[in-house]
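Structural overview for review
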Amino acid sequence: MILVDREDAVAVVTVDRQDALNALDVATLTELRDRLRELAADDEVRVVILTGAGEKAFVAGADIKYMSGLDVDEAKAWGALGHEAGRLLETMPAPTIAAVNGFALGGGCELALACDIRYAATNAKLGQPEVNLGIIPGWGGTQRLARVCGLGVAKELIFTGRVVDAEEALRIGLVNAVHDPVLEKARETAALLASKSPIALRLMKELANRALGGDHAANLEAEGDTFGELFSSEDAREGLTAFVEKREPVFRGR
Ligand code: COA
């Protein structure tokens, strides 16, 4: 089951399948994809937090029992469904934050990697142990781990299947901070982001997503154009004027 808790402009999405450490079966992953689609299309949503129910797990991966019966076409469809969820987290206009409260393994680590920001509880354990099952990461792990931690670290982790604790995850840049309770840290950052211009955040996210791909010169050009065009927004006027007038800006998303 996927729970969506909306408080002001912040949506907390909780994967709740605790008898399987929140591992994702078809029903749960489909529901997660559907909820993320709705949140991506909702202008009122300014920040999305993804977490897992209970004390033990964020998401302990794709459901291994389910995967053990898949043929090639079914496995491709399963991979595509996971990719869809990851792309939504990565590209939705609102910033996404993973609050990793325990095991984030395989598909769980991949969903966390698709988020813009990752925080871990001290009991967090992250990794891509697919190799131990004779398979490979299939929801973005071969690409996004390298983008977040660098290719050398990523290859060691996906080749060995080694799981890292919160302290190591912080050291290798896999998470941005370690904090208990992790949801409190995520909510604090979410409140901060919700006070900023959603237009500026959306454009920065789009541009930052291009940083490690495509043509550098073209990406800089896109930044330049976007920077200029943003000056037609009320939020840009408000932010600049508020500074000059020595007051706090109020951003309305226009
Ligand atoms: N898929 C399906 N079920 C899973 C699961 C997964 N990825 N991860 C955990 N579960 C289930 C277990 O089968 C168990 O169910 P059961 O009681 O019906 O047997 C339940 O969740 C609790 O897990 P358990 O293994 O008893 O807990 P633990 O604390 O001893 O170990 C883990 C926790 C995370 C180390 C262990 O569950 C594990 O290795 N899970 C698989 C992680 C993985 O490889 N994920 C990547 C998949 S691509």
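Residues numbered from 1 in each chain as written. Predicted model: local features only at pLDDT ≥ 70, side-chain atom pairs only at ≥ 80, totals over all residues. Heavy atoms only, no water.

**Description of the site of the ligand**
What surrounds the ligand is a group of 16 residues, the closest being Ala20, Lys56, Ala60, Ala62 and Ile64. At 3.1 Å, a side-chain N or O of Lys56 approaches an oxygen atom of the ligand. At 2.9 Å, a backbone N or O of Ile64 approaches a nitrogen atom of the ligand. Elements represented by at least two residues in the shell around the ligand include exactly helix 2 (64-67) and strand 6 (103-105). When residues in the shell around the ligand are grouped by element, the largest group, three residues, is from helix 2. Taken together, the residues of the shell around the ligand sort by class into ten nonpolar, one polar and five charged. (Near = heavy atom within 4 Å. Polar contact = N/O pair within 3.5 Å; in protein donor to acceptor, adjacent residues only side chain to side chain. Helix = DSSP H or I, 4+ residues; strand = E, 2+ residues; numbered from the N terminus. Nonpolar A, V, L, I, M, F, W, Y, C, P; charged D, E, K, R; others polar.)

**Topic: the pairing of strand 7 (residues 117-120)**
Of the two faces of strand 7, the one lined by Ile117 and Tyr119 and the one lined by Arg118 and Ala120 are each fully buried. Bridging between strand 5 (residues 96-100) and strand 7 involves four bridges; their strand directions are parallel. By the bridge assignment for strand 7, Ala99 is matched with Tyr119. (Buried < 20%, exposed > 50% of the residue type's maximum accessible area, 1.4 Å probe, protein only. Pairing = 2+ DSSP bridges.)

**Describing the packing of aromatic side chains**
By the definition in use, this model includes three aromatic pairs. Relative to Trp139, the ring of Trp78 lies with its centre 5.3 Å away and its plane at 70°, an arrangement referred to as edge-to-face. One end of the pair, Trp78, is in helix 3 (residues 72-91); the other, Trp139, is in the loop between strand 8 (125-127) and helix 5 (141-149), and 61 residues separate them in sequence. Its guanidinium or amino end placed over the ring of Tyr119, Lys185 lies 5.4 Å from that ring's centre, counting from NZ or CZ. (Phe/Tyr/Trp six-rings, centres within 6.5 Å; stacked < 30°, edge-to-face > 60°. Lys NZ or Arg CZ within 6 Å of the ring centre and 35° of its normal.)

**A short note on helix 4 (residues 107-114)**
Of all eight residues in helix 4, eight are buried; the element is thus mostly enclosed. Looking at helix 4, one finds that the buried residues are Gly107, Gly108, Cys109, Glu110, Leu111, Ala112, Leu113 and Ala114.

**Here's the deal with the nonpolar core**
The tendency in soluble globular proteins is for nonpolar side chains to be buried side by side. Counting 47 residues, the largest nonpolar core has Leu50, Leu126 and Leu174 as its most contacted members. When sequence neighbours within four positions are dropped, the list of residues in contact with Leu174 reads Leu113, Arg118, Leu126, Leu145, Val148, Cys149, Val164 and Ala169. By size, the runner-up hydrophobic cluster in this structure holds 16 residues, among which are Val182, Ala186, Ala190 and Leu201. (Core = buried A, V, L, I, M, F, W, Y, C linked by side-chain atoms within 4.5 Å. Contact = heavy atoms within 4.5 Å.)

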